[in-house]
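Fold and contact review
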Amino acid sequence: MSTPKKLYIKTYGCQMNVYDSERMAEALSGYEQTQSPDDADMILLNTCHIREKAAEKVYSELGRFKGLKTAKPDLKIGVAGCVAQAEGPEIMRRQPMVDLVVGPQSYHRLPELEAKAQAGEKALDTDFPEEDKFEHLKRRPKATRGPTAFLTVQEGCDKFCAFCVVPYTRGAEVSRPAQQIMTEARDLVERGVREVTLLGQNVNAYHGHDAGLSGLIWDLAKIDGLERIRFTTSHPRDMDDALIAAHGECDKLMPYLHLPVQAGSDKILKRMNRGHTAEEYLRLIERIRAARPDILMSGDFIVGFPEETEADFQDTLDLVEEVKYGYAYSFKYSTRPGTPAAERALVDPAEADDRLQRLQALITKHQRQVQDDMVGKTVNVLFEKPGRLEGQMGGKSEYLHAVHVDDAPVARGTIAPVKIVASSTNSLAGRLA
Ligand code: SAH
Ligand code: SF4
Ligand code: F3S
């Protein structure tokens with residue numbers, strides 16, 4: 001048997017790209033993965049197009065590989081993911097050393113594309129093919145793996161928020177059939193997985209099961225050995241009653257919900273084409289908290305969206321104050337070519353920076369309060385990896401807080417009750433309870 005070639009994959013962007021990178025590595029069966037680009041025979045960048053900076057990173061990273069390619073002309077360089085989808089031919093023009101470009105919906109064709117690149121041709125595929133890529137990918141290998149895994153159940157987006165590239169880079173909403181997901185989840189559990197996070201750009205619009213996402217969650221909950229279920233990212237408009245109820249009734253569904261709202265001003269929400277008001281979002285959270293009082297809420301925000309005034313921004317701060325997120329991510333608006341908002345006048349960049357700082361300060365304060373409130377409580381930790389100190393083990397609580405325990409004689413993959421004794425910037429310290 002010939003020695004396998006080496007593949008270096010670098011992943012940017014969202015969790016869906018993390019999942020796709022795993023599947024792409026599996027699809028390239030003649031390769032084994034390496035952690036360094038220096039000894040690679042193929043470098044694959046799995047890219048993100050969500051903000052300008054993310055997209056520009058790809059070109060600077062490619063620039064860095066020039067030397068490697070000169071030293072080793074057989075080295076193949078590929079670009080996958082959302083920049084590949086949005087700018088495929090332009091990537092080839094701007095960086096002629098790129099051999100292969102593959103979009104997120106066509107990576108089941110990677111083996112053919114790789115063969116083409118090996119034959120010295122340029123290989124580009126950014127189709128949205130009719131066939132289901134998951135049906136064309138090999139069954140996943142059975143090697144053991146860590147206790148947590150991502151599992152993509154839905155892709156694409158039909159919401160067309162005015163700022164967002166995802167509907168263009170990922171295409172229309174498509175749900176994977178429930179049976180396909182059940183099979184993949186059982187395989188993951190056989191390999192040691194205890195927790196799956198179901199992924200989709202609009203995961204709660206999932207319709208591959210007669211009873212939607214909650215139906216899938218209830219089916220997954222019947223799998224022995226699968227202890228925890230999470231899902232991300234949800235859209236407020238698709239949070240149906242059954243899914244809210246599942247948060248109160250399904251023990252395996254973890255009390256953490258990422259439910260981005262983006263802004264607190266109705267005027268801005270309307271211009272963003274979000275399809276709901278701030279009040280509707282707040283009432284929705286009330287209903288979710290009624291079903292599961294201890295749920296930890298998480299969200300995303302954009303500041304400096306075109307025409308956002310100081311008063312609009314104040315509405316965002318007020319909404320954040322009311323919800324008190326356990327985690328929240330905030331971004332300065334970035335113009336994305338081809339989106340409806342790209343035509344609109346920008347907020348003064350210095351003003352937008354200032355708003356971002358003020359919002360982040362408030363979010364950080366709440367995050368810390370929520371974390372500090374855990375001290376004295378007993379949480380359940382899924383242990384994932386040894387900590388920095390001898391005997392230390394770390395993992396995540398049901399609320400997704402990072403927790404570490406000293407002298408913890410527990411194996412990776414164990415779920416055990418832990419009493420929280422201290423809270424620091426990014427993690428909690430606990431004792432086995
Ligand atoms: N489907 C998810 C979002 C995916 S993108 C949802 O609807 O919530 C992740 C986050 O990136 C978004 O929630 C938004 O806060 C941010 N984002 C998207 N486009 C952006 C842009 N043009 N500028 C700045 N932030 C953006
Ligand atoms: Fe983008 Fe909006 Fe779709 Fe989320 S819901 S992926 S922000 S268009
Ligand atoms: Fe980025 Fe594409 Fe994900 S644009 S956030 S990698 S869907």
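Residues numbered from 1 in each chain as written. Chains lettered and ligands numbered in written order. Predicted model: local features only at pLDDT ≥ 70, side-chain atom pairs only at ≥ 80, totals over all residues. Heavy atoms only, no water.

**Some points on the site of ligand 2**
- Close contacts around ligand 2 come from Cys157, Lys159, Phe160, Cys161, Phe163, Cys164, Val166, Pro167, Asn202, His235 and Arg274, and that covers them all.
- For the shell around ligand 2, the residue count by class is seven nonpolar, two polar and two charged. (Near = heavy atom within 4 Å. Nonpolar A, V, L, I, M, F, W, Y, C, P; charged D, E, K, R; others polar.)

**Let's talk about the site of ligand 1**
- Taken together, 15 residues form the shell around ligand 1, and within it Phe163, Gln201, Gln262, Asp300 and Ser334 come nearest.
- One of the backbone N or O atoms of Gln201 is found 2.7 Å from a nitrogen atom in ligand 1.
- Note that an oxygen atom of ligand 1 is positioned 2.6 Å from one of the side-chain N or O atoms of Gln262.
- Look at ligand 1: alone it shows 550 Å² of surface, and the protein chains cover 89% of it.
- Elements with a minimum of two residues in the shell around ligand 1: strand 13 (296-303) and strand 14 (327-332). (Polar contact = N/O pair within 3.5 Å; in protein donor to acceptor, adjacent residues only side chain to side chain. Areas by Shrake-Rupley, 256 points an atom, 1.4 Å probe, with all protein chains shown as cover. Helix = DSSP H or I, 4+ residues; strand = E, 2+ residues; numbered from the N terminus.)

**Describing the sheet that holds strand 14**
- Strand order in the open sheet formed by three strands is 12-13-14, with parallel pairing between adjacent strands. In the strand order of this sheet, the two ends are held by strand 12 (256-258) and strand 14, each with one partner. Between one strand axis and the next, the sheet turns through 10° on average, direction left out of account.
- The sheet contact formed by strand 12 and strand 13 spans three bridges and is parallel. Directly across from Leu257, in strand 13, lies its bridge partner Met297.
- Together, strand 13 and strand 14 form the strand contacts of helix 14 (residues 349-372), whose direction differs from that of strand 14 by roughly 175°. (Pairing = 2+ DSSP bridges. Axes fitted to C-alpha atoms, helices over the stretch in contact; angles between N-to-C directions. Contact = heavy atoms within 4.5 Å.)

**Remarks on the domain arrangement of the chain**
- Annotation of the chain at the domain level lists domain 1 (5-125), domain 2 (143-372) and domain 3 (378-432).
- Domain 1 and domain 2 are separated by 28 Å when their C-alpha centres are compared.
- Counting from both sides, the interface comprises 18 residues of domain 1 and, opposite them, 22 residues of domain 2.
- When domain 1 packs against domain 2, the two sides together hide about 1,800 Å² of surface, and 52% of this comes from carbon and sulfur.
- If you sort the residues of domain 1 by the area they bury against domain 2, Met16, Tyr19 and Arg51 come out on top, with a joint share of 35%. (Domains from an automatic or database assignment. Buried area = accessible area lost by both parts, 1.4 Å probe.)

**Re the layout of surface pockets**
- Its volume calculated, the second largest pocket comes out at about 400 Å³.
- Lining the second largest pocket are 18 residues, and of these Glu52, Lys53, Lys332, Tyr333 and Ser334 lie nearest its centre.
- Going through the elements one at a time, helix 2 (52-64), strand 14 and helix 14 are the ones with two or more residues in the lining of the second largest pocket.
- A total of four residues in the lining of the second largest pocket trace back to one element, the largest contributor, which is helix 2.
- Each residue belonging to the lining of the second largest pocket can be placed in one class, and the counts come to nine nonpolar, four polar and five charged.
- Looking at the lining of the second largest pocket, you find at least three residues from each of domain 1 (5-125) and domain 2 (143-372). (1 Å grid on protein atoms, 1.4 Å probe; cavity = no way out; pocket = protein on both sides within 12 Å on 5 of 7 lines; lining within 4 Å. Points joined across faces, edges and corners; volume = space filled by probe spheres on them.)

**Quick word on the environment of Val379**
- Looking at the secondary structure, you find Val379 in strand 15 (residues 378-386).
- Residue classification places Val379 among the buried positions, given a relative accessible area of 2%.
- C-alpha of Val379 to C-alpha of Ala55: the two residues are 324 residues apart in sequence and 39 Å apart in space. (Buried < 20%, exposed > 50% of the residue type's maximum accessible area, 1.4 Å probe, protein only.)

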